[in-house]
Amino acid sequence: MKVLVIGGGAREHALCRALSLDPDVRELHCAPGNAGIAAVARLHAVDVLDGEAVAALAAGLGADLVVVGPEAPLVAGVADAVRARGIDCFGPGAEAATLEGSKAFAKDVMAEADVPTARSYVCTTPEEADAALDAFGPPYVVKDDGLAAGKGVVVTEDLDAARAHARACTAAGQVVIEEFLDGPEVSLFAVTDGESVVPLSPAQDFKRAYDGDAGPNTGGMGAYTPLPWADPKLVDEVVETVLQPTVDEMRRRGTPFSGLLYAGLALTSRGVRVVEFNARFGDPETQAVLARLRTPLAGLLRAAAQGRLAAFPPLVWSDDAAVTVVLAARDYPAKPRTGDVITGLDEADAVSADAYVLHAGTKLDDSGRVLSAGGRVLCVTAVGADLAAARDCAYEAIRRIGLEGAHYRGDIAARAAETAAD
């Protein structure tokens, strides 16, 4: 089949890499892509928020399947426009993507579906927000209701900081204020066709900018899978209590959710609770999860797009572990610097056949040099017999890469690797 991937980050590079390894994919295209994706797919310029432009590109290419990577195009209705042309598309329509586009909407769906989540208030004024903050007390959890590229959540002991974020959110619309959830967080992806749910391997990501979970929230600084410390029954429990009820509720509302449903979970002392839903593959967890998936990706995504998941064979996974470490630009996530030359990419790729570089915010200059073009610039993903081996390989590779002022966390999967060793 011919496949068109929409997006230009490391998530899309991971998707394109996996699709390029699928023997059923005879042509692979990406719009707009990036400097790394260009090695495995043909790139095209397009406004990813313009559904008609994306649909026209897909039709012109004769694409059999379109895979929409980022959340903003999904919320903008790009998948609807593609499907209107009679082309299979992996990704929910605009109404269903509101599960990510509005945290208040997601809370309403969870309430109707009896899905366990944090107690919360939806506030539209500073006074309502102040009352909610007082009701819950510290640590304060304040969430922008809309899309915020993974950086719209403030978790703080500082009441002034919580109030400031709440006021900024209410000035633009509304804010969700929640109780703090204790316990480790887990990301679980599920492919769904609106009825059947196929879970992927659970992963854990690292949101804070610096080691020891210090610094501000980011889009994600690294991830790993599998989770040696997690209950083996966790996936089945989440499918039964979270994912399937949510899919059923969306279908009951007349807005079936077809695509990738991402559940961000907290494993609290009171049981599993949903932190958030996303309507697409998460970044950087996708990079680690797809590194272990042995089932050809294109067939899985097309089965979801065509409503055939109930008959799809069980997924096959590698026994290896996978670790992804993100390299971020100077001053990320505040005001990342761009336009710097990146060196050592070939050296990083040469460290091992088990490690590879995935580009996020990169571009080529007129002389063919790779430059930084975003906050999260690239990541290294590595697989190994266990988490310790995968970590060693990933860090050996990322140390070969040069980018002035760049930073990365040195503790991705460290505690989990120790747990596995014990």
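See the structure printed just above.
Let us look at the structure shown here. (Residues numbered from 1 in each chain as written. Predicted model: local features only at pLDDT ≥ 70, side-chain atom pairs only at ≥ 80, totals over all residues. Heavy atoms only, no water.)

## Regarding the overall build of the protein chain
Assigned secondary structure in the protein chain consists of 14 helices and 22 strands. A compact globule built from 422 residues should have a C-alpha radius of gyration of about 22 Å, and the protein chain, at 20 Å, falls within 12% of that. Each principal axis of the C-alpha distribution contributes one length, and for the protein chain these read about 55 × 45 × 45 Å. Out of the 422 residues belonging to the protein chain, those deemed buried represent 58%. Taking all contacts inside the protein chain whose residues are at least 6 apart in sequence as the whole, residues at least 24 apart take part in 69%. (Helix = DSSP H or I, 4+ residues; strand = E, 2+ residues; numbered from the N terminus. Rg over C-alpha atoms; globule rule 2.2 N^0.38 Å. Buried < 20%, exposed > 50% of the residue type's maximum accessible area, 1.4 Å probe, protein only. Contact = heavy atoms within 4.5 Å.)

## Digging into the sheet that holds strand β3 (residues 42–43)
With respect to topology, 5 strands assemble into an open sheet ordered β3-β2-β1-β4-β5, the strand pairing being parallel. In this open sheet, the two edge strands, each paired with only one partner strand, are β3 and β5 (88–90). Alignment of strand β1 (residues 2–7) against strand β4 (residues 65–68), held across 4 bridges, turns out to be parallel. The residue of β4 that forms the bridge with V3 is L65. Along the sheet, helix α2 (residues 51–61) contacts β1, β2 (27–32) and β4; its crossing angle with β1, the most-contacted strand, is approximately 160°. On top of the sheet, helix α11 (residues 297–305) reaches β4 and β5; it is set at about 110° to β5, its chief contact. (Pairing = 2+ DSSP bridges. Axes fitted to C-alpha atoms, helices over the stretch in contact; angles between N-to-C directions.)

## What about the packing of aromatic side chains?
If you walk through the whole model with that rule in mind, you get 6 aromatic pairs. One aromatic cluster in this structure is built from F90, F189, Y262 and F281. Directly above the aromatic system of Y356 lies the positively charged group of R17, at a separation of 3.6 Å from the ring centroid. (Phe/Tyr/Trp six-rings, centres within 6.5 Å; stacked < 30°, edge-to-face > 60°. Lys NZ or Arg CZ within 6 Å of the ring centre and 35° of its normal.)

## Quick word on the environment of H165
For H165, the location among the structural elements is in helix α8 (residues 159–172). C-alpha of H165 to C-alpha of R369: the two residues are 204 residues apart in sequence and 39 Å apart in space. Setting aside its immediate chain neighbours within four residues, H165 contacts V142, D144, G152, V153 and V154.

## Concerning the sheet that holds strand β7 (residues 140–144)
Taken in spatial order, the 4 strands make up an open sheet running β6-β9-β7-β8, and their pairing is antiparallel. The open sheet terminates on both sides in strands that have one partner only, identified here as β6 (120–123) and β8 (153–156). For this sheet, the mean angle separating the axes of adjacent strands, direction not counted, is 20°. Note that β6 and strand β9 (residues 175–178) share 4 bridges and pair antiparallel.

## Overview of the environment of L265
Relative to the elements of secondary structure, L265 occurs in strand β16 (residues 259–268). The residues touching L265, leaving out its near neighbours within four places in the chain, are P184, E185, V186, L188, V238, V272, R273, V274 and V275.

## Topic: unusual backbone geometry
That bond from A31 to P32 is cis: its omega, -5°, falls within 30 degrees of zero. Relative to the helices and strands, P32 is located in strand β2. Of note, the phi angle at D114 is positive, near 60°, even though the residue is not glycine. Along the chain, the position of D114 falls in the loop between α6 (103–113) and β6. Note on D114: relative accessible area 67%, which makes it exposed. Its identity is not glycine, yet D331 carries a phi of approximately 70°, on the positive side. Here D331 is to be found in the loop between β18 (321–328) and α12 (345–349).

## A look at helix α7 (residues 126–136)
Residues A129, D130, A132, L133 and F136 constitute the buried set of α7. In a view along the axis of α7, the buried residues occupy a sector of 165°, so they form one face of it. Those residues of α7 that are exposed and angled more than 90 degrees off the buried face are E127, D134 and A135. As for α7, its buried residues are in contact with β6, β7, α8 and β9. (Arc of directions from axis to C-beta.)

## Some words on the packing of α7 against α8
Taken N-terminus to C-terminus, the directions of α7 and α8 make an angle of 145°; their axes are 9 Å apart at the nearest point. Between α7 and α8 lies a crossing of right-handed hand. The residues of α8 that touch α7, namely those facing P126, A129, D130, L133 and D134, are L159, A162, R163, A166, R167 and T170. Across the contact of α7 with α8, the residue classes tally to 6 nonpolar, 1 polar and 4 charged. (Left-handed = near helix turned anticlockwise from the far one by under 90°. Nonpolar A, V, L, I, M, F, W, Y, C, P; charged D, E, K, R; others polar.)

## Structural notes on the pairing of strand β10 (residues 185–192)
Summarising burial for β10: 7 of the 8 residues are buried, a large majority. As defined by bridge partners, β10 adjoins β16 across 8 bridges and the pair is classed as antiparallel. The residue of β16 that forms the bridge with V186 is L265. Strand direction decides the pairing type here: β10 and strand β11 (residues 197–199), joined by 3 bridges, are antiparallel. Note that in β11 the partner of V191 across the bridge is V198. Counted along the chain from β10 to the antiparallel partner β11, the turn is 4 residues long, and its residue G194 has a positive phi close to 100°.

## So, the state of the cysteines
Disulfide: a covalent bond connecting the sulfur atoms of a pair of cysteines. All told, the structure shown has 0 disulfides when counted by the stated rule. Considering cysteine sulfurs only, C16 is the nearest to C30, which forms no disulfide, with 4.1 Å between them. Among the residues examined, C30 registers a relative accessible area of 0% and is labelled buried. Cysteine C379 shares no disulfide, and the gap to the nearest cysteine sulfur, in C16, comes to 13 Å. (Disulfide = S-S within 2.5 Å.)

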